[in-house]
Amino acid sequence: MGVWRQLAQAWKGSIQWKGLRRKYGIGKDGIIVFLIEQDDELNQYAFEYAGDLMELKHQSSIFMITPYEDVFDQIPDLDGSVIKIKISSGQCECIKKYYQLVRFSGSVYFISAVWPESNWAEHILGKHGVDKEDLVCLGIYALRILPRKGEKRA
């Protein structure tokens, strides 16, 4: 894809992002989680540790955004703290391009083992015991705690 096309897509993404912020009342400090893969295991860990992320960021709600209907249907309510948003795959691609150009918030998390291409996450999975739970908790959410494998969460 040419640079001008990528810039045009990012510009379109900026407009779409601003529209989502207005429509859903997403503040500058709001936690936004983009579920951009149809990977059930990865998404389940994103759901499981969303409460820990909200606690870490001192937020009472979290926005979960996806272009996939089946993923959208799996997003939990978490006692009313989750705002579920369904967008088109085209919107998702444009917003990703915009985020690559302008990091529009420090509280945006893309749940993916393959995007951005430079993250190398898919290459470390399975090596030295690194699994998808580690990827979400430590690599994406940057939580400093992780329950020991096999322990029940409180």
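What this report covers is the structure whose coordinates are included nearby. Given the structure is predicted, the values throughout are model-derived calculations rather than measurements.

**Here we look at the overall build of the protein chain**
Turning to step 1, where the next piece is worked out: Helices and strands together make up the secondary structure of the protein chain, namely 7 helices and 4 strands.
Turning to step 2, where the next piece is worked out: Counting helices and strands in the order they occur from the N terminus, the protein chain gives α-β-α-α-β-α-β-α-β-α-α.
Turning to step 3, where the next piece is worked out: Rg of the C-alpha trace for the protein chain: 16 Å, near the compact-globule value of 15 Å for 154 residues, within the 12% margin.
Turning to step 4, where the next piece is worked out: Considered along the principal axes of its C-alpha atoms, the protein chain spans approximately 50 × 35 × 25 Å.
Turning to step 5, where the next piece is worked out: In the protein chain, which comprises 154 residues, the share counted as buried stands at 42%.

**Overview of the nonpolar core**
Turning to step 1, where the next piece is worked out: V33, L35, I62, M64, I111 and Y141 are the most contacted members of the largest nonpolar core, which totals 27 residues.
Turning to step 2, where the next piece is worked out: Leaving out residues up to four positions away in the same chain, V33 has contacts with L53, I62, F63, M64, I65, Y109, I111 and Y141.
Turning to step 3, where the next piece is worked out: Counting 18 residues, the second largest nonpolar core, distinct from the first, contains I85, C92, I95 and F104.

**Focus: the packing of aromatic side chains**
Turning to step 1, where the next piece is worked out: Tallying each qualifying case throughout the model produces 8 aromatic pairs.
Turning to step 2, where the next piece is worked out: Among the aromatic residues, those joined into a ring-pair cluster are W17, F34, Y98, Y99, F104, F110 and W115.
Turning to step 3, where the next piece is worked out: Its end group placed over the ring of F72, K84 keeps NZ or CZ at 4.6 Å from the ring centre.

**A few points about the environment of C92**
Turning to step 1, where the next piece is worked out: Mapped onto the secondary structure, C92 falls in helix α5 (residues 89-101).
Turning to step 2, where the next piece is worked out: Each C-alpha atom, one on C92 and one on V82, is 19 Å from the other, the two residues being 10 residues apart in sequence.

**Focus on the layout of surface pockets**
Turning to step 1, where the next piece is worked out: Here the largest pocket defines a volume of roughly 260 Å³.
Turning to step 2, where the next piece is worked out: Lining the largest pocket are 14 residues; nearest its centre among them are Y109, F110, P116, G139 and I140.
Turning to step 3, where the next piece is worked out: Mapped onto the lining of the largest pocket, the elements with two or more residues apiece are β4 (108-111) and α7 (132-140).
Turning to step 4, where the next piece is worked out: Its residues assigned to classes, the lining of the largest pocket comprises 9 nonpolar, 4 polar and 1 charged.

**What to know about the sheet that holds strand β1 (residues 31-35)**
Turning to step 1, where the next piece is worked out: Within the open sheet, the 4 strands sit side by side as β3-β2-β1-β4. Their pairing is parallel. Every other strand in the sheet has two partners, leaving β3 (82-86) and β4 as the edge strands with one partner each. Neighbouring strand axes in the sheet, compared pairwise and without regard to direction, differ in orientation by 20° on average.
Turning to step 2, where the next piece is worked out: With 5 bridges connecting them, strand β2 (residues 62-66) and β3 associate as parallel partners.

So, how was this worked out
- Residues numbered from 1 in each chain as written.
- Predicted model: local features only at pLDDT ≥ 70, side-chain atom pairs only at ≥ 80, totals over all residues.
- Heavy atoms only, no water.
- Helix = DSSP H or I, 4+ residues; strand = E, 2+ residues; numbered from the N terminus.
- Rg over C-alpha atoms; globule rule 2.2 N^0.38 Å.
- Buried < 20%, exposed > 50% of the residue type's maximum accessible area, 1.4 Å probe, protein only.
- Core = buried A, V, L, I, M, F, W, Y, C linked by side-chain atoms within 4.5 Å.
- Contact = heavy atoms within 4.5 Å.
- Phe/Tyr/Trp six-rings, centres within 6.5 Å; stacked < 30°, edge-to-face > 60°.
- Lys NZ or Arg CZ within 6 Å of the ring centre and 35° of its normal.
- 1 Å grid on protein atoms, 1.4 Å probe; cavity = no way out; pocket = protein on both sides within 12 Å on 5 of 7 lines; lining within 4 Å.
- Points joined across faces, edges and corners; volume = space filled by probe spheres on them.
- Nonpolar A, V, L, I, M, F, W, Y, C, P; charged D, E, K, R; others polar.
- Pairing = 2+ DSSP bridges.
- Axes fitted to C-alpha atoms, helices over the stretch in contact; angles between N-to-C directions.

That's the geometry; what it means functionally is another story.
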